[in-house]
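Okay, here's what each chain looks like letter by letter:
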Amino acid sequence: MTRLLFLGSIGLQEVLLIALVVLLFFGGKKIPELMKGIGKGVRAFKEGMNEVEKDIKEPTSEDKQ
């Protein structure tokens, strides 16, 4: 099974090619910084989504009247 389930029709060879291109563009020293930035972005997005869900579920002061 050379296909990764979470990536749909992208196979292992394609993932390795993309990783190689990223390595060539950014270099070995920049990749940890890039991953850290992506992690912060994903975390901020999840926190924003949680706040939106919380706002939707919580009744507002107008709803209480």
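Residues numbered from 1 in each chain as written. Predicted model: local features only at pLDDT ≥ 70, side-chain atom pairs only at ≥ 80, totals over all residues. Heavy atoms only, no water.

K.L.:
Before we go on, may I ask you to explain the overall build of the chain in this structure?
P.N.:
Counting its secondary structure elements, the chain contains two helices and zero strands. Across the 65 residues of the chain, 2% fall into the buried class. Of the roughly 6200 Å² that the chain leaves accessible, carbon and sulfur atoms contribute 64%. (Helix = DSSP H or I, 4+ residues; strand = E, 2+ residues; numbered from the N terminus. Buried < 20%, exposed > 50% of the residue type's maximum accessible area, 1.4 Å probe, protein only. Areas by Shrake-Rupley, 256 points an atom, 1.4 Å probe, with all protein chains shown as cover.)

K.L.:
Please explain helix α1 (residues 12–57) as it appears in this structure.
P.N.:
Helix length check: α1, at 46 residues, gives a terminal C-alpha distance of 41 Å against a target of 68 Å (1.5 Å per residue), a shortfall beyond 12%. Along α1, the sharpest kink reaches roughly 100°, centred on Gly27. (Expected span 1.5 Å × (residues − 1). Bend = angle between axes of the 7 residues up to and from the residue.)

K.L.:
Help me understand a negative patch on the surface in this model?
P.N.:
A cluster of acidic side chains, namely Glu47, Glu51, Asp55 and Glu58, defines a negative patch on the protein surface. Relative to the helices and strands, Asp55 is located in helix α1. (Patch = residues over 30% accessible without salt bridge, like charges linked within 9 Å, V, L, I, M, F, W, Y side chains within 5 Å. Salt bridge = Lys/Arg side-chain N within 4 Å of Asp/Glu carboxyl O. Lys, Arg positive; Asp, Glu negative; His and termini not counted. Charge placed at Lys NZ, Arg CZ, Asp CG, Glu CD.)

K.L.:
How do you make sense of a nonpolar patch on the surface when you look at a structure like this?
P.N.:
On the surface, Leu17, Leu20, Val21, Leu23, Leu24, Phe25 and Phe26 cluster together into a nonpolar patch covering about 720 Å² of accessible area. Tracing the backbone through its elements, the reader meets Phe25 in helix α1.

K.L.:
Teacher, can you tell me more about the environment of Glu14 here?
P.N.:
Summarising the element assignment, Glu14 is placed in helix α1. A polar contact of 2.9 Å, which involves the side chain of Glu14, links it to the backbone nitrogen of Gly11. (Polar contact = N/O pair within 3.5 Å; in protein donor to acceptor, adjacent residues only side chain to side chain.)

Without other data, these values stay purely geometric and don't point to any function.
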